[in-house]
Amino acid sequence: GTTDDPGAVNSRGLPETLRVGIIPNMAPDKQSARYDPLREYLSTKLDTAVELFVATDYAGVVAALAAEKVDIAYLGGLTYVQAKAQVDVRPLVTEVDKETGAKEYLSGIVVRDDSPYRSVADVVAGKGTFAFGDVSSTSGSLYPRMMLNAAGASCSASAIDKCPPLSEVAFTGGHDATAQAVVNGSADAGGIELRILHRLENDGKLPKGRLRVVGTERVMGYPWVMRSALGEQAATAITAAFLEMNQPGLLDLLQTTGYQQVTDADYASVEKHAVELGLLTA
Amino acid sequence: MNPRTGSFPANPSQDAVDERDDGKERLPTDLNQEPPGGGRAAVRYRRSKTRWLVLVIAIAAVVWSLDGTGVSFASLIEGWDNAREILAGLFPPQTDEELLRSVGKAVVETLQISIAALFFGTVMGLLLALLMAGNIGAPKWISLPARWVATVFRSVPELLWALVFVAAVGLGPAAGVYAISLHAAGLLAKLVSEQLEAVDVAPVEAVRLTGATRLATAVLAIVPQARNNIASLVLYQWECNIRSSAIIGFVGAGGIGQALGISMRLFRYEELATLMIALLLLVLVVDQISRFLRRRMGAATR
Amino acid sequence: MNPRTGSFPANPSQDAVDERDDGKERLPTDLNQEPPGGGRAAVRYRRSKTRWLVLVIAIAAVVWSLDGTGVSFASLIEGWDNAREILAGLFPPQTDEELLRSVGKAVVETLQISIAALFFGTVMGLLLALLMAGNIGAPKWISLPARWVATVFRSVPELLWALVFVAAVGLGPAAGVYAISLHAAGLLAKLVSEQLEAVDVAPVEAVRLTGATRLATAVLAIVPQARNNIASLVLYQWECNIRSSAIIGFVGAGGIGQALGISMRLFRYEELATLMIALLLLVLVVDQISRFLRRRMGAATR
Amino acid sequence: MEIRLTGVSVTFPDREHPALDDVSLTVEEAEHVVLLGPSGSGKTTLLRCVLGAVKPTSGTLTVGGKNPAKAAELRAIRRCTGVVRQGNDLVHGLRAQTNAVLGTSPSWGLRDWAAVLRGRVPARYAERVRTLAETQGIQPFLKSQVESLSGGQRQRVALVRAVLPEPRLLLADEPTSGLDPVTAQAAVHTLREASGVTVVISTHDLSIARQFPRVVALRDGRVCFDGPELSERDARDIYEGVEVGT
Amino acid sequence: MEIRLTGVSVTFPDREHPALDDVSLTVEEAEHVVLLGPSGSGKTTLLRCVLGAVKPTSGTLTVGGKNPAKAAELRAIRRCTGVVRQGNDLVHGLRAQTNAVLGTSPSWGLRDWAAVLRGRVPARYAERVRTLAETQGIQPFLKSQVESLSGGQRQRVALVRAVLPEPRLLLADEPTSGLDPVTAQAAVHTLREASGVTVVISTHDLSIARQFPRVVALRDGRVCFDGPELSERDARDIYEGVEVGT
Ligand SMILES: Nc1ncnc2c1ncn2[C@@H]1O[C@H](COP(=O)(O)OP(=O)(O)OP(=O)(O)O)[C@@H](O)[C@H]1O
Ligand SMILES: Nc1ncnc2c1ncn2[C@@H]1O[C@H](COP(=O)(O)OP(=O)(O)OP(=O)(O)O)[C@@H](O)[C@H]1O
Ligand SMILES: [Mg+2]
Ligand SMILES: [Mg+2]
């Protein structure tokens, strides 16, 4: 059960049972998404019981964080700042992106290969339809929106589904659906996380080169966050556990080469844009 | 020799106000009486006028909606290739042993969630239904709030209920159980109360004429007649719960729902196919159990 | 004087195999006949044994599920504060004019989606129901596939249907309409076929004894009796469609669903409250229309 | 309980002719009355009026001094009335014996309820149910589902149900229809035996009507005969629409 | 169509005594037969057997040379049979006149269907429906919903439904129950008039039985009397369980 007294802590300042929330955005291909190795790793490393919850929607995990029903969680950049508005949480680490080799990964705007648009400015000037992924996705919603605005659009902060001069914007709910929408022509362009786009291509779910990237932006990686209430001691221990992770199998499972420490400051720009674009009601 | 003579008002709720305990005097309103001076022609006319009106409104609404939503068969045929691609992506369903084992676990979890939710949902739903059904005749100050509660329970999407319960009890199957229970209670209350209202009215009148109280009439004349249909609705709700649990998998409630969500997020269509087949089989099995019990009950009512 | 004498098998599907056109010789299987030599005691015993078995299995299943899902009232009470916080966050619902205007637009879209889907869903669902219902007695090679189709339609979650249709016809309400139509057809087929099976058997036997074909019996004796209940199920499905469209909206089909999804993901609880109230009102209105029509039909069947 | 109707009329919607047309009639306490009349003459409607299942369009009506139009008084009237409705009014899905005791529900305690819900007969009625069932000849079928009984067997279950609570007013709408002459006679005997009880029955069987001390005949919703004895001639007049007694 | 039963027995599950016990009986083409017997003696079961609604536990049975146990032949038998079932078997939700024409459905064309679905009577039956309804006295109620008819009125609608298709075999289970003597006589007249048609009815009314040239009586599922005329004495024996004729 999840009803253990959240106040009880062990000698190292960690809860008797560490409750971990995960949203799978990446997982190895051959194996179905089971994060048991991660649970075992954290459990031995931290010397405490670990309970793992895999959810497929951010809203639930954030609600659980806010209600202090989850101790640490793997969130998107935007979701982190959203969670921060509701409960005192702090980011600990983020994974190193295999593509950029850094803490940041890439968000991009894509069009179909036979499209006349060559740049984001063309997309805006074309006044066509645009597909975002999940509303609260950093790379599928927040950054594409930013790029559009930088290219002359004025995505409204109050009405999320208005981005003049684009004639129509839609939320597809996910990156693959965005790719689908652009490929089958129901959207003229879309915002997508590039490593996911590449994986779709590698898996043969999309013909290679069918989508052309017309603009990119670097996005601070998905943070592992912790409720600040757990204390400094716990933060140190958990951070160390991630930084010391070197088992190839486990790193492979988490689709990274290692972890690096992050602080709230790393997400300052995410937060700023989120407020500007109305994705965060501060 | 022919029965059911004194035909009762066709809508039993009309007669339910017949006997009230709330002190106020009310006349037994038998539908037969309604337009007390109304002649034959007037009634005919009013009826057929309403029927036409309803028909015209219905047609207009459908046309307006088809137009507004841009539904067209042309686009459907045109898009067939794309859809086929997605569907083709589902084949062949993945069948490696490891996956099958984890699907098995998910199925068990889903079953547990759906049964637990069915238990709570049935208890609450049947209670609400008894309070709501017009021919059982609970006083208005009870039946109206019961109706509202049932409407709120079923019109708030399970996903939102799930959010509330995640905040209350944390991530995990329990939150899913509570969320689905409320939703199930709302749905069952509506369907069961309508089944109660649809029973043959002659035996109900007969029992009521013996001076039985409203509760006694409900227990002795209405529920026994509707029993089989209620049982089959409860089994139907079980099926619905299984499907609901597939939707609220997002709260980390486990079960097939969670696995479906993950596969969808990670674009593993072949895995998705395996899971959908598992879901389908689960529903089919429940459907069969339901048919089996219906047949048994048919033969073995007390 | 008393009616319904020769009691018919309680489960009409038992009798439906009575007359077949498929050339093969089949005996009319009247339930009365079933254990042809079976004495009174044997039947009693078998019945009550099954009843106990079912009861024991049911209790065991509930206990197993409650245990497995970790449901506990203690945790629910403990978590009440958190839940209240979320619920308190809903108040006061936001009411600025701009929001209300966009909510109004979303409501209209939702209505259109639900009505269009109701139209297609009803057409397909009623057809499937007629083919499936045991007492209508379509030949097995038709009724079995119809049952499967209905099961697939309703057990694949709307969300997945939506995904398929988004691929086919692109983003927008049309995809939602198709997805909900299929789901609705599956649900209606199941419920309506059970209503058809639940009609009074005496008139059905009477019409069948006149030598009417199976189709004629269905149209003349079964459908007229079930008509009102079917109409009320269709209206119930309308309500379900509105709720489904709230779920599907999450994948970009527009309407209240999309607005709900956005508000939920951006944690704008006050906006969420406004939308939920809109959804609730919509469902309440449909519920009222349904009650009104039920009452009318009660009085005005042909 | 005496029954008093003064100028009672009932007109159903969609019908040109009233089902009851200005009927005034008094049945005294402990009187036994039989209602005659061609099919459709309003017998059933009259009996349903008395128990408040049909509301008079005009006229007044009291039963034992109480007014069935008032909810509380109606309940009181129904409590001390036993009724056999015309037609199929047994509760399907229950046993014959459960149906037989349904009329006594207002006086059940918790134990009685428990017994009934398990399909048993509460102990205090067991003896009387047995006796009544034996007189009516349905003893062997008491444990059967009512759906499996023959027409006449069901009719007798309904009669037992009406008589069991020892009501002060007994209304029976064609209680012997579907019964063979011997069984019918047993039913009539049970009804006639109830001394001190007001009994009103309707029937089409003249030989049964002759066993009652008072005959009231309806025709087109009006009382066309009211007297102690029914001659061959009067009977013919009632059914053939001739002014009775001419 | 002649009916031949040889050693037919029917035992319902849960019942100690058979409903029909080794019944052998032949009804010749165009013969008119009345079935008598105390309530529960198996009359309804016998009639339902003939139309394949109940399957004999043992024994054989042919109707017009056809075997009702075979699906195709059963359909043929039913096509040329008119039946009045005991009890409430009109289709609620339809008008009386629609119910009256239901029996003719096997010969409807598209236009007839269209008429029926709009609640009308197909033109080619209109005249006959009117005549039959008039003889039975239900002409004024043809357009009413059957739910609003009185018991006797419904019974007559069922009779019209059975007779309308001009069947070669007419089975009527207590067709006059619930009818007053005059109306009952009209019903019997309609049945007796059907010359060239095999007619089997069951009844409890001895005065009606006497109008039939052949009387068959059942008792406890066995044939206990079969003869052209029924004396007072035989009738009493049938109902009182004495060996008939002793
Ligand atoms: N619910 C109803 N709606 C409309 N008309 C009705 C209703 N009930 C009865 N009637 C009509 O009122 C008249 C009197 O009916 P009632 O049932 O009282 O006759 P009855 O004397 O009991 O006849 P029967 O001997 O056939 O039972 C009939 O013409 C009948 O059609
Ligand atoms: N479906 C059934 N299941 C069990 N027993 C039945 C069923 N139908 C009839 N019976 C029993 O079979 C016996 C004969 O019934 P049937 O209906 O043939 O009698 P009947 O002669 O028509 O009587 P009535 O004059 O009362 O209509 C009765 O004892 C009855 O209870
Ligand atoms: Mg009557
Ligand atoms: Mg019978």
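Everything numeric here is computed off the predicted structure, so don't read it as measured data.

Scoring rules and cut-offs
Residues numbered from 1 in each chain as written. Chains lettered and ligands numbered in written order. Predicted model: local features only at pLDDT ≥ 70, side-chain atom pairs only at ≥ 80, totals over all residues. Heavy atoms only, no water. Donors = N, O, S within 2.8 Å, 3.2 Å for Na, K, Ca; no water. Helix = DSSP H or I, 4+ residues; strand = E, 2+ residues; numbered from the N terminus. Buried < 20%, exposed > 50% of the residue type's maximum accessible area, 1.4 Å probe, protein only. Expected span 1.5 Å × (residues − 1). Bend = angle between axes of the 7 residues up to and from the residue. Pairing = 2+ DSSP bridges. Right-handed = clockwise from strand over helix to strand, strands pointing away. Axes fitted to C-alpha atoms, helices over the stretch in contact; angles between N-to-C directions. Contact = heavy atoms within 4.5 Å. Polar contact = N/O pair within 3.5 Å; in protein donor to acceptor, adjacent residues only side chain to side chain. Near = heavy atom within 4 Å. Areas by Shrake-Rupley, 256 points an atom, 1.4 Å probe, with all protein chains shown as cover. Nonpolar A, V, L, I, M, F, W, Y, C, P; charged D, E, K, R; others polar. UniProt positions renumbered as here; feature names shortened; annotations may be inferred. Salt bridge = Lys/Arg side-chain N within 4 Å of Asp/Glu carboxyl O. Disulfide = S-S within 2.5 Å. Core = buried A, V, L, I, M, F, W, Y, C linked by side-chain atoms within 4.5 Å. Phe/Tyr/Trp six-rings, centres within 6.5 Å; stacked < 30°, edge-to-face > 60°. Lys NZ or Arg CZ within 6 Å of the ring centre and 35° of its normal.

**Q** Quick one: what's the story with the coordination of the magnesium ion (ligand 3), residue by residue and with numbers?
**A** All names here are of chain D. Distances from the magnesium ion (ligand 3) to its protein donors, namely Thr44 (OG1) and Gln86 (OE1), fall within the range 1.9 to 2.1 Å. Separated by 42 residues along the polypeptide, threonine 44 in helix 1 (residues 43–50) and glutamine 86 in the loop between strand 5 (81–84) and helix 3 (96–101) bring together distant segments of the chain. Neither residue differs from the other here; threonine 44 and glutamine 86 are each classed as buried.

**Q** Quick one: what's the story with helix 10 (residues 214–247) of chain B, residue by residue and with numbers?
**A** Residue and element names in this part refer to chain B. For helix 10, with 34 residues, the first-to-last C-alpha span of 40 Å runs short of the 50 Å given by 1.5 Å per residue. In helix 10, a bend of some 55 degrees at arginine 227 exceeds every other bend along the element. Counting buried residues in helix 10 gives 27 out of 34 residues, a clear majority hidden from the surface.

**Q** Residue-level account of the pairing of strand 7 (residues 198–202) of chain E, with values.
**A** Residue and element names in this part refer to chain E. Burial analysis of strand 7 places five of its five residues in the buried class, the great majority of the element. Judged by which residues are buried, strand 7 turns out to be covered on both faces: Thr198, Val200 and Ser202 on one side and Val199 and Ile201 on the other are all buried. Of the pairings in the sheet, the one linking strand 3 (residues 32–36) to strand 7 comprises four bridges and is parallel in character. Residue pairing for strand 7: leucine 35 is matched across the bridge by serine 202. Taken together, the five bridges between strand 6 (residues 169–173) and strand 7 define a ladder with parallel strand orientation. The partner of alanine 172 across the bridge, within strand 7, is isoleucine 201. After leaving strand 6, the chain enters helix 7 (residues 181–193) and then returns to the sheet as strand 7, a path that is right-handed.

**Q** Pulling in residues and values, what's your account of the sheet that holds strand 3 (residues 72–74) of chain A?
**A** All names here are of chain A. Taken in spatial order, the six strands line up as 2-1-3-10-4-11 in an open sheet, and their pairing is mixed. Two strands bound the open sheet, and with one partner strand each, they are strand 2 (49–54) and strand 11 (259–261). On average, adjacent strands in this sheet sit at an angle of 25 degrees to one another, irrespective of strand direction. Pairing geometry for strand 4 (residues 89–95) and strand 11, over three bridges, is antiparallel. When the sheet's bridge partners are listed, glutamate 95 is paired in strand 11 with tyrosine 259. In the packing of helix 1 (residues 36–46) onto the sheet, contacts are made with strand 1 (17–22), strand 2 and strand 10 (223–227), and the angle to strand 2 comes to roughly 155 degrees. Contacting strand 1, strand 3, strand 4, strand 10 and strand 11, helix 8 (residues 232–243) runs over the sheet at an angle of about 10 degrees to strand 4.

**Q** Describe the side chain of serine 245 of chain C, and please don't skip the residues or the numbers.
**A** Residue and element names in this part refer to chain C. With respect to the helices, strands and loops of the structure, serine 245 is situated in helix 10 (residues 214–248). A distance of 2.9 Å separates the side chain of serine 245 from the backbone oxygen of isoleucine 242, its partner in a polar contact. Every residue in contact with serine 245, bar those within four places of it in the chain, is listed here: Thr110, Ile113, Ile180 and Gly257.

**Q** How would you sum up the site of ligand 2? Please name residues and give values.
**A** Around ligand 2 sit 23 residues in total, of which Ser150 and Gly152 of chain D together with Arg15, Thr44 and Thr45 of chain E are the nearest. Proximal residues around ligand 2 fall on chains C, D and E, making this an inter-chain site. Between glycine 152 of chain D and ligand 2, the recorded distance is 2.7 Å, taken from a backbone N or O atom to an oxygen atom. Interatomic distance of 2.7 Å between a backbone N/O atom of glycine 40 of chain E and an oxygen atom of ligand 2. In the complex, 95% of the free accessible area of ligand 2, which totals 640 Å², lies under the protein chains. Tallied by class, the residues present in the shell around ligand 2 amount to four nonpolar, 16 polar and three charged.

**Q** Requested: an account of the UniProt feature "transmembrane region" (unreviewed entry) in chain B, with residues and values cited.
**A** Residues and elements named next belong to chain B. Within this numbering scheme, the UniProt entry marks residues 52–77, 113–138, 159–180 and 272–293 as carrying the feature "transmembrane region" (unreviewed entry). Secondary structure content for residues 52–77 is 88% helix and 0% strand, while the C-alpha to C-alpha distance between its ends is 35 Å. End-to-end, the C-alpha atoms of residues 113–138 are 33 Å apart, and along that stretch the chain is 77% helix and 0% strand.

**Q** Let's hear about the pattern of salt bridges: which residues, and what values?
**A** Following the criterion strictly, the structure yields 61 salt bridges over all chains and no others. Glutamate 194 of chain B is paired through a salt bridge with lysine 190 of chain B; the nearest N and O atoms lie 3.9 Å apart. Of this pair, glutamate 194 of chain B and lysine 190 of chain B both sit in helix 8 (residues 173–197), four residues apart, which is roughly one turn of that helix. By relative accessible area, glutamate 194 of chain B is classed as buried at 10%. Note that arginine 124 of chain E is salt-bridged to aspartate 112 of chain E, the shortest N-O span being 2.5 Å. Of this pair, arginine 124 of chain E sits in helix 5 (residues 123–136) while aspartate 112 of chain E sits in helix 4 (residues 110–117), and the two are 12 residues apart along the sequence.

**Q** So, the coordination of the magnesium ion (ligand 4): which residues are in play, and what are the values?
**A** Residues and elements named next belong to chain E. For the magnesium ion (ligand 4), every protein donor is listed as Thr44 (OG1) and Gln86 (OE1), and the spread of their distances is 1.9 to 2.1 Å. Here threonine 44 falls in the buried class, since its relative accessible area comes to 12%. Classification of glutamine 86 by relative accessible area gives buried; the value is 4%.

**Q** An account of the state of the cysteines is requested, with residue identities and associated values reported.
**A** Inspection of the entire model under this criterion finds one disulfide over all chains. Residue pairing for cysteine 155 of chain A: its cysteine sulfur links by disulfide to cysteine 163 of chain A, the two sulfurs lying 2.0 Å apart. Of note, the bridge from cysteine 155 of chain A to cysteine 163 of chain A carries an S-S torsion of about 110 degrees and is right-handed in sense. You'll find cysteine 155 of chain A and cysteine 163 of chain A in the same group, each marked buried. We note that cysteine 49 of chain D lacks a disulfide partner, and the nearest cysteine sulfur, in cysteine 224 of chain D, lies 18 Å from it. Look at cysteine 49 of chain D and you get buried, because its relative accessible area is 1%.

**Q** Got a sec to walk through unusual backbone geometry? Specific residues and values, please.
**A** Residue proline 164 of chain A is joined to proline 165 of chain A through a cis peptide bond whose omega torsion reads 5 degrees. One non-glycine residue, aspartate 47 of chain A, lies in positive phi territory at about 55 degrees. Within the secondary structure layout, aspartate 47 of chain A lies in the loop between helix 1 and strand 2. Looking at aspartate 47 of chain A, the relative accessible area reads 57%, which means it is exposed. With a phi close to 50 degrees, glutamate 174 of chain E is a non-glycine residue in the positive phi region. Following the sequence through the fold, glutamate 174 of chain E ends up in the loop between strand 6 and helix 7.

**Q** A description of the nonpolar core should follow, citing residues and the corresponding values.
**A** Within soluble globular proteins, side chains that are nonpolar generally end up buried alongside one another. Membership of the largest hydrophobic core comes to 372 residues, with the highest contact counts inside it found for Leu148 and Trp224 of chain A. With 17 residues, helix 10 of chain C is the single largest residue contributor to this core. With sequence-adjacent residues up to four places away left out, leucine 148 of chain A is seen in contact with Ile109, Val120, Val123, Val124, Phe130, Phe132, Ala153, Cys155 and Leu166 of chain A.

**Q** I'd like to hear about the packing of aromatic side chains, residue by residue, with values.
**A** Scanning the entire structure with this criterion turns up 19 aromatic pairs over all chains. Ring centres of phenylalanine 165 of chain C and tyrosine 178 of chain C lie 5.4 Å apart, and the angle between their planes is 40 degrees; on these two criteria the pair is classed as tilted. Of the two residues, phenylalanine 165 of chain C is situated in helix 7 (residues 158–169) and tyrosine 178 of chain C in helix 8 (residues 173–197); the sequence distance between them amounts to 13 residues. Here phenylalanine 165 of chain C matches tyrosine 178 of chain C in class, with each residue buried. The structure contains a cluster of three or more aromatic residues connected by ring pairs, namely Tyr74, Tyr105, Tyr222, Trp224, Phe242 and Tyr259 of chain A. Over the ring of tyrosine 105 of chain A we find arginine 195 of chain A; its NZ or CZ atom is 4.2 Å from the centre of that ring. Here arginine 192 of chain E stacks its cationic end above the ring of phenylalanine 212 of chain E, 5.1 Å away from the centre of that ring.

**Q** Describe the pairing of strand 1 of chain A, and please don't skip the residues or the numbers.
**A** Residues and elements named next belong to chain A. A large share of strand 1 lies buried, amounting to six of its six residues. Across six bridges, strand 1 lies against strand 2 in parallel orientation. Among the inter-strand pairings, leucine 18 is bridged to a residue of strand 2, identified as valine 50. Inspection of the sheet shows strand 1 paired to strand 3 by three bridges, in the parallel sense. Note on strand 3: the bridge partner recorded for isoleucine 22 is tyrosine 74.

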